[in-house]
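Tertiary structure, described
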Amino acid sequence: MRTSIATVSLSGSLTEKLTAAARAGFDGVEIFENDLLASPLAPEEIRARCADLGLSIDLYQPMRDVEAVPEDEFARTLRRARHKFELMGRLGADTVLVCSSVSPLAEDDDALAAEQLARLADLAGDFGVRVAYEALAWGRHVSTYDHAWHIVETAGHPALGTCLDSFHILSRSSDPKDLKGIADIPGEKIFFLQLADAPLLGMDVLQWSRHHRCFPGQGGFDVTGLVHRILHTGYSGPLSLEVFNDVFRQAEAGPTAVDARRSLLVLQEELGRLGHELGEEQGVAALPAPAAPTAVAFAELVTPDAEPVSALLGALGFARTARHRGKPVELWEQGEARVLVNTGPAARRDGTTLAALGLECPDPAATARRAEALLAPVLPRRRAAEDAPLDAVAAPDGTELFLCATNRPGLPNWRADFEDVPHTPAAADGLRIDHVALTQPWHHFDEAVLFHRGVLGLEPRESVDVPDPYGLLRSRAVTGPGGGVRFPLTVGAAPGDDTAQARHIALAADDVVAAARRFTAAGGRLLPIPANYYDDLAARFEFADGELETYRALGILYDRDTHGVFRHCYTHTVGRVFFELVQRDGGYQGYGAANAPVRLAAQRAQR
Ligand SMILES: O=C(O)c1ccc(O)c(O)c1
Ligand SMILES: [Mg+2]
């Protein structure tokens with residue numbers, strides 16, 4: 001399957017867009033008229049540039065407001081079209097997209113629409129051009145794919161076909177029975193296929209399309225299911241991404257193009273599982289199946305000053321159990337929770353932050369191969385000659401993910417790089433890493449969701465909005481099977497905003513009240529929570545005698561869902577890192593999002 005991307009999906013000049021698309025491995029592009037108009041390059045130069053980059057120009061677009069208009073208006077359209085078809089000859093592009101009319105002049109007359117589109121196709125044919133007619137979801141009279149196909153069928157012209165666009169189709173209805181009509185379209189009459197996903201929002205469809213489209217796998221549409229149906233028609237043209245998105249328009253083109261291509265690789269893999277022939281598509285067929293990590297083996301903090309971090313870990317009942325043989329890295333443990341404290345060069349650059357995670361993987365080498373095939377940057381396996389050859393990849397936000405097999409015979413063991421040091425035993429709160437909250441740079445959020453889903457096989461959950469006193473944060477968790485790995489991904493903070501940018505490690509205790517008491521007795525400071533919060537809790541829930549007072553005294557927050565109860569509290573922050581103590585009972589699934597505004601405000605007050 002050939003892959004293509006519309007220039008509108010990427011930021012920058014046309015040259016920058018083409019370069020980014022080629023580097024990410026796309027076979028072709030759709031050229032948007034505005035990108036051409038704004039380019040200093042002549043059409044012949046654009047054609048040559050694409051050829052040099054190994055890109056075909058699969059589509060030129062769009063022509064608008066063509067069909068079902070009064071004759072004098074249509075005459076002007078034909079004149080305009082002649083110019084565009086000549087231009088396409090110079091570009092070497094043979095398919096033009098015509099989107100359904102939004103003009104107030106357009107009439108609700110399918111016969112007239114078919115007749116005029118056939119005349120346009122006649123002219124196109126003279127230039128060796130094909131016309132692909134697409135229903136915009138907000139078209140004046142034609143807004144559905146089956147209506148557009150009906151008009152194309154009526155016209156019966158060999159140079160006229162239809163263009164299917166997953167956004168226009170799925171934004172109007174995702175009900176599979178509304179998609180049955182796709183099987184009626186002969187594959188060779190589908191001249192083009194455009195793909196976009198989108199979050200499920202209840203809003204005006206034009207605004208939704210122009211601002212919130214995203215790459216397949218990042219939103220809520222079943223794009224794979226739709227493409228599955230379309231391929232059954234015999235369609236054999238490119239899979240082309242057409243994404244209008246406010247963030248991608250601003251973010252660097254290179255990483256966006258990689259994100260886009262990864263999205264199509266994952267989509268093709270899913271199609272392969274549904275029985276579609278993947279052809280020569282290198283990589284996809286041979287991709288090791290995703291095997292989600294089962295646990296967080298360790299979280300690694302970097303810090304220029306080990307003292308405050310050590311004090312915090314000590315109060316949490318961690319013991320400093322081992323030291324790296326060759327680097328300034330210490331291992332701290334309590335229960336099953338492991339934290340590495342790294343005071344090496346990265347720390348002097350980045351301050352105190354969470355820089356890396358060890359992921360316990362069923363087959364680390366296979367996950368590394370999968371990551372590489374899905375265009376994730378693979379990090380050097382060995383930092384020093386004596387280190388275990390650990391596979392590691394970089395997440396879109398730069399977090400290093402070490403793919404681990406801790407103490408598993410026959411596999412490289414990161415733990416062997418550490419030598420034990422004498423220590424007093426850790427406390428016995430039975431801590432485990434419950435979740436790690438990974439704040440994301442503003443331009444990497446959708447990309448991060450797709451990365452964790454596609455590369456690591458984690459499942460994205462619903463997106464929630466969290467009000468912060470100084471902004472609105474968006475949060476979406478990705479989780480592994482059985483909840484062994486949970487990463488809430490959060491975005492929305494201003495780049496320099498350390499409170500909202502801070503990452504945290506949530507540690508599950510068997511008894512959070514006991515763990516919180518032990519922490520404060522050991523000199524730890526818990527985040528104070530306002531009395532108003534507890535008055536509200538009293539109104540919302542019934543508590544046993546004294547229970548609420550215990551929470552109030554310690555600063556423990558409380559939440560319930562249909563499964564169970566969540567109790568949690570927060571340590572003070574060091575640099576851009578803090579810890580949370582949690583107790584998850586009865587299969588509670590969330591992260592206390594209802595309490596996040598109070599927590600964020602309390603953290604602001606602390607600064
Ligand atoms: O928003 C638009 O105008 C627009 C233009 C061309 C397309 O292919 C499309 O899907 C939308
Ligand atoms: Mg489209």
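Residues numbered from 1 in each chain as written. Chains lettered and ligands numbered in written order. Predicted model: local features only at pLDDT ≥ 70, side-chain atom pairs only at ≥ 80, totals over all residues. Heavy atoms only, no water.

1. With respect to the domain arrangement of the chain
Assigned domains of the chain: these are domain 1 (3-285), domain 2 (295-420) and domain 3 (432-606). Relative to domain 2, the C-alpha centre of domain 1 lies at a distance of 44 Å. With 7 residues of domain 1 at the interface, the matching set in domain 2 holds 5 residues. Taking both partners together, domain 1 and domain 2 bury about 510 Å²; carbon and sulfur atoms supply 59% of that area. Ranking the residues of domain 1 by area buried against domain 2 places Arg262, Leu265 and Glu269 at the top, with a combined share of 68%. The partner of Glu269 in a salt bridge is Arg370, with the nearest N and O atoms 2.7 Å apart. Counting the contacts that link domain 1 with domain 2 gives 3 residue pairs in polar contact (both at pLDDT 80 or more). When its residues are assigned to classes, the side of domain 1 that touches domain 2 shows 4 nonpolar, no polar and 3 charged. (Domains from an automatic or database assignment. Contact = heavy atoms within 4.5 Å. Buried area = accessible area lost by both parts, 1.4 Å probe. Salt bridge = Lys/Arg side-chain N within 4 Å of Asp/Glu carboxyl O. Polar contact = N/O pair within 3.5 Å; in protein donor to acceptor, adjacent residues only side chain to side chain. Nonpolar A, V, L, I, M, F, W, Y, C, P; charged D, E, K, R; others polar.)

2. Notes on the UniProt feature "domain: VOC" (unreviewed entry) in the chain
Per the UniProt record, the feature "domain: VOC" (unreviewed entry) sits at residues 295-406 and 432-584. Its end C-alpha atoms 11 Å apart, residues 295-406 is made of 23% helix and 40% strand. (UniProt positions renumbered as here; feature names shortened; annotations may be inferred. Helix = DSSP H or I, 4+ residues; strand = E, 2+ residues; numbered from the N terminus.)

3. Some points on the site of ligand 1
Around ligand 1 there are 13 residues in total, and Arg64, Glu134, His168, Arg210 and Glu242 lie nearest to it. Gln61 has a polar side-chain atom sitting 3.3 Å from an oxygen atom of ligand 1. The fraction of the free accessible surface of ligand 1 (290 Å²) that becomes covered by protein chains is 100%. Class assignment of the residues belonging to the shell around ligand 1 gives a composition of 4 nonpolar, 3 polar and 6 charged. (Near = heavy atom within 4 Å. Areas by Shrake-Rupley, 256 points an atom, 1.4 Å probe, with all protein chains shown as cover.)

4. Things to note about the layout of surface pockets
Volume-wise, the largest pocket comes out at about 900 Å³. Put simply, the parts of the chain that give the lining of the largest pocket at least two residues each are β9 (295-302), β12 (337-342), α12 (345-350), β13 (353-360), β16 (400-404) and α15 (498-501). Taken together, the residues of the lining of the largest pocket break down into 20 nonpolar, 9 polar and 14 charged. Counting the residues that make up the lining of the largest pocket, at least three belong to each of domain 2 (295-420) and domain 3 (432-606). (1 Å grid on protein atoms, 1.4 Å probe; cavity = no way out; pocket = protein on both sides within 12 Å on 5 of 7 lines; lining within 4 Å. Points joined across faces, edges and corners; volume = space filled by probe spheres on them.)

5. Considering the sheet that holds strand β6 (residues 160-165)
Read around the closed barrel, 8 strands run β1-β2-β3-β4-β5-β6-β7-β8, paired in parallel fashion. In this sheet, adjacent strand axes meet at a mean angle of 30 degrees when their direction is disregarded. Where β6 and strand β7 (residues 190-195) come together, 4 bridges link them in parallel fashion. Across the sheet, residue Cys163 finds its bridge partner in β7, namely Phe192. Most of the contacts of helix α5 (residues 110-126) go to strand β5 (residues 130-134), to which it runs at about 150 degrees, and overall it touches β4 (95-99), β5 and β6. In the packing of helix α6 (residues 145-155) onto the sheet, the strands contacted are β5 and β6, and the crossing angle to β6 comes to about 170 degrees. (Pairing = 2+ DSSP bridges. Axes fitted to C-alpha atoms, helices over the stretch in contact; angles between N-to-C directions.)

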